[in-house]
Amino acid sequence: MFTMNQNLLPLRRLLSNNLFRYFLYFFLMNLMMGCTVNHLYKRAVVLPDDILNIPEPKAKKINFGHDAYNKIITHQMDQSLDLARQLRHVFGKPKQALNVDDFGEVVDSSWFTNRNARLPLSLEEIARGPDRSQGPDPTQTWTVTQAKLEGVTPGFYIKDSRGDRYVIKFDPMGYSELATAAEVICTKIFYAAGYNVPENYITYFHPSILTLAKEVKFIDDKGLQRVMTENDLEKLLQKVDRLPDGRIRALASKFVGGKPLGGFRYQGTREDDPNDIVPHEHRRELRGLYVLVAWLKHFDTKAGNNLDVYVSEKGHSFVKHYLIDFGSALGSDAVAPQSRHKGHEFDVDTKALFGNILSFGLDVKLWEKPSKIQHPSIGRFNAQDFDPGDSRSNYPNPAFENCTNLDSYWGAKLVMSFTDRQLETIIKQGQYSDPEAEAYLLQTLKERRDRTGRYWYSQVNPLDMFKITQNSSGASGLSFKDMGVEGNLWSAEQSKYLYDFAFRGETILVGIDLGNQTFVELENLAQILEQKMMIKEPYSSGDQWEITLRVQRQGGSKWSKWIKAYLVRNPANSEFALLGIHRQN
Amino acid sequence: MSPKNKKTTRLLSPLLIFLCLFILSLQPALGSSAQEPDEKEEKGDKKSSETEYPEKLKSEETWETLINIPGKILFIPFWLMDKALAPILSWVGVAPQVTSKIARLLVSADGKRGLLPSTSDRTGFGLKFFQKDLITPGSHLDLTVRAGISWRQFCRLRLRDFRLGGPLVTEFYAHYMYLPTERFYGIGNDSQKENESNFSHLQIMAEAFLGTYLGQSTKSGLVFGLARNIISEGKRSGVISTTDLRPDVKEKIPGLDEKINYLLVQFNLVHDSRNRLGNPSAGWEIDLQGGLYRGTGNAEYGFWKASADFRKYQHLFYDRVLVLRIAAEITEPKEDLQIPFYYLSELGRRETIRGFRRGRFRDEDLILSSLEYRYPVMIRDNFELGVDALLFVDAGQVASDIFRQFSMKEFHVGFGGGLRIYSKNGRIFQILAGKSSDGLRFYIGLYD
């Protein structure tokens, strides 16, 4: 006789409830729908230019204290309660960036301009970066117009003899070249990568060229705001190292042309900027920035450490978005060498705290081990404890938290676009006095770059730059590049490619071995198609060809994730056209 | 189906069907990674004229918005808290001169003078004022005032390391303490938790130390002190007052319900060779004391007390530290005089066995050992702060004659863990949880 298991009674009751059954059906249907794969490629949406004329927005200041609290506490709770996000995480379908084209790239915009990764810059261009002048003239008078009230580093604002305005910042005492070199080097790198950055110059000046303007506001040691005196200026400069000839090394950051509007957040859009239509946490150039800042150990990427500027360019007035303040990068923390935890844990990292408590101290992280700072002008910066996939800024960044493998791959391409010679040229702009420090930084940046490439190129399929070309015998084909091979991370001999071919959603060929050739002959496929489908003219302009490619490296047993290239053939002239690619996340 | 179930189904079924159809019609993109061109093309295709701007893209798709409704409801309190804190944090940010003034009031720019919060699980919450380098370099003055529940009060003044010249040093200590709910469980290692009673203890004490430095880490000298102790009725409700116990029990508790003044003469030797104050990883802390307490104006009370406390910090690896402690205390009545119960050796507080209440075990002699493992859980070099977690085991015994009655089987054991926050100047805050046969107890200390 059947007896009911007492433990199953509550479940049985639940299942007998119609309400619950409807929810279950609904959920399962959606799940099934979600599981079906759509073979047809849909073209990406072309977003409009974001440099339309707009009225001048209001300047807004981001309060760091509130932003930190919001990101550490409020935003984390919001994400934890975001069921859609959790479901995406469980099903491995994270939300992809909203502003990418058919090839996973971003178009030039007020945020980003494709530079070195698209077309390598010359060494002269790399060295110049965003600079369009020589910096402030240290042989003429500088007028101090304002003391620097924000940030942790001492400094002031000046107007030089040409009328150009600069922010002057210094290195911490005892660590000459630390922050100024980091700032200039990172400026060149971010510029070459494609971001908008200010002009930053290393300058050497004698204090005697400084004069105080009238009514310069200043906050003294007692916290009182008053007018700055010559005595105050002298006291400020006493906290700064001097060269043997009495000059001071400083960073001169030129005011960006246009009207500053304050910083931008890494979430949402700017309400009074009609051009800003893509939520920042879903912009590829902001998500992918995670990879660059990890490479450079630039942990201070909080909202407000950037700048929106209302500019007039190309006949339009619009908001342009800049990254600024790179003094906390490489091994520098602006006022001292970086603390050991920088880049590895948030400043307030509850997850890491609980993890560390539960580990009972048995898990000694590489970065935890006390390390001697080899070069005071570089600070704490090495490649040994660098984990490209587990880097942390000072507190959580919404764009970085939404960064998917595809965004990181895009960012890794920016990083890998820097050749050894380019890096060497950039580092020279830091004007280190110690050649050993320069050599150490170059070596470290190279190692970290390669680690970045190896890591992120292994998370996705790194085949890229698809084109319709012709081989030596004139046959049309789909050619591509292996970014891992291009970046010298793996050799061509170590790499093997395999492809599947589908037509109108139907699989025609599977597992065709290309060896280490980076060319798929399409004419061959056309012939196979004709034979298989017994059609002489099988193509309409809408019929999609789908070529799925995989990579295998020597010594590895697994094939990589796939990448699908979609093509169509013009029946009139039999020419192929590439629609786009779809890379597995 | 039950009537209630039928009613629910009738009400919600049409709504659910509509919801399902509506969402299905939107073809949620949970599995599909292709974008939805129709919706977005409509938005993106709007050719921009000078005044016609494109629609902003939403950060959530429709199905995401719907599915997140319960989460959004739960999020409301956090959102409200964020909005409430925003103006305060904004004010702090935009008024640096005001906040730095407040900070300057709390601690001077050179760190030599300051006013800090202070809390102790025994004496409550209050403030601590400190001044370094007062009169002579290296001297340290602090004044602490705390108050707590049941009107407990504590006020302490300390002047430490006041150099007189050469190796001679003097220190001064005074405190006023009123604790109206101190616990008493009986005298002896086998005192029972059920025998709890409470008493009020008012103590006013002043001590002066005169000594000399024997090297950089060790100082020794003599302490002269005067203390007044008033024991009276306990103020804890629901617990019998010790003064109300049966007369035959009370007569075995010397010093109860009395006001007694004591003179103290004591020899001290203190050695502190810790490599760091905040989170030591090497070195010793040794405290040896021995002296005579004599009741004044009353020949009934007088006793010798000697104690030895050894603490060794042993570095294991990468700032993981083992702290080993052994302590012993002996109290002997002088001739035919008595030892007041509150000066007996006691086990059961943060400084002895964590997990037992203060005064849980009292007797003339005490032996105590402790093993503590500390490991870093947060390292913040640039803030000169750190957080360590710790695990500990404490064990000890009281006895009337520890040399004869020592037995590890009689040891009371407490174990647990906690967190401590420290700076280079010492411990700032700690929170501990100790478990024993009596249950679980928590200890909190802030600048104590």
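Residues numbered from 1 in each chain as written. Chains lettered and ligands numbered in written order. Predicted model: local features only at pLDDT ≥ 70, side-chain atom pairs only at ≥ 80, totals over all residues. Heavy atoms only, no water.

Caption draft 1: Structural view of the sheet that holds strand β9 (residues 259–262) of chain A. Residue and element names in this part refer to chain A. One open sheet accounts for three strands, arranged β9-β10-β11; its pairing is antiparallel. Strands at the two margins of the open sheet, each flanked by one partner only, are β9 and β11 (316–323). Averaged over all pairs of adjacent strands, the angle between strand axes in this sheet comes to 30°, irrespective of strand direction. In this sheet, β11 lies alongside strand β10 (residues 306–313) in antiparallel orientation, the contact comprising eight bridges. Directly across from Asp 308, in β11, lies its bridge partner His 321. (Pairing = 2+ DSSP bridges. Helix = DSSP H or I, 4+ residues; strand = E, 2+ residues; numbered from the N terminus. Axes fitted to C-alpha atoms, helices over the stretch in contact; angles between N-to-C directions.)

Caption draft 2: Quick peek at the packing of aromatic side chains. Within this structure, the stated rule accounts for 37 aromatic pairs over all chains. Taken together, a centroid distance of 6.3 Å and an interplanar angle of 45° make the contact between Phe170(A) and Phe205(A) tilted. Of this pair, Phe170(A) sits in strand β3 (residues 165–170) while Phe205(A) sits in strand β4 (residues 200–205), and the two are 35 residues apart along the sequence. One exposure class covers both Phe170(A) and Phe205(A), and it is buried. Here Trp295(A) and Phe418(A) contribute two aromatic rings whose centre-to-centre distance is 5.6 Å and whose plane-to-plane angle is 40°, an arrangement assigned as tilted. On the criterion of sequence distance, the pair formed by Trp295(A) in helix α9 (residues 289–296) and Phe418(A) in the loop between α12 (405–416) and α13 (420–428) is long-range, its members being 123 residues apart. Here Trp295(A) matches Phe418(A) in class, with each residue buried. These aromatic residues form a ring-pair network of at least three members: Phe184(B), Phe199(B), Tyr262(B), Tyr293(B), Phe303(B), Phe341(B), Tyr342(B) and Tyr343(B). Taking NZ or CZ as reference, Arg115(A) lies 3.8 Å from the ring centre of Tyr191(A), over its face. (Phe/Tyr/Trp six-rings, centres within 6.5 Å; stacked < 30°, edge-to-face > 60°. Buried < 20%, exposed > 50% of the residue type's maximum accessible area, 1.4 Å probe, protein only. Lys NZ or Arg CZ within 6 Å of the ring centre and 35° of its normal.)

Caption draft 3: Structural context of empty space enclosed by the protein. Taken as a whole, this structure holds eight cavities of 30 Å³ or more when the rule is applied. Its boundaries defined by the atoms lining it, the largest cavity holds a volume of some 70 Å³. Class assignment of the residues belonging to the lining of the largest cavity gives a composition of three nonpolar, three polar and five charged. (1 Å grid on protein atoms, 1.4 Å probe; cavity = no way out; pocket = protein on both sides within 12 Å on 5 of 7 lines; lining within 4 Å. Points joined across faces, edges and corners; volume = space filled by probe spheres on them. Nonpolar A, V, L, I, M, F, W, Y, C, P; charged D, E, K, R; others polar.)

Caption draft 4: Up close: unusual backbone geometry. Residues and elements named next belong to chain A. With a phi close to 55°, Lys 297 is a non-glycine residue in the positive phi region. Mapped onto the fold, Lys 297 is located in the loop between α9 and β10. Even without glycine at this site, Met 465 takes up a positive phi of about 55°. With respect to the helices, strands and loops of the structure, Met 465 is situated in strand β12 (residues 463–470).

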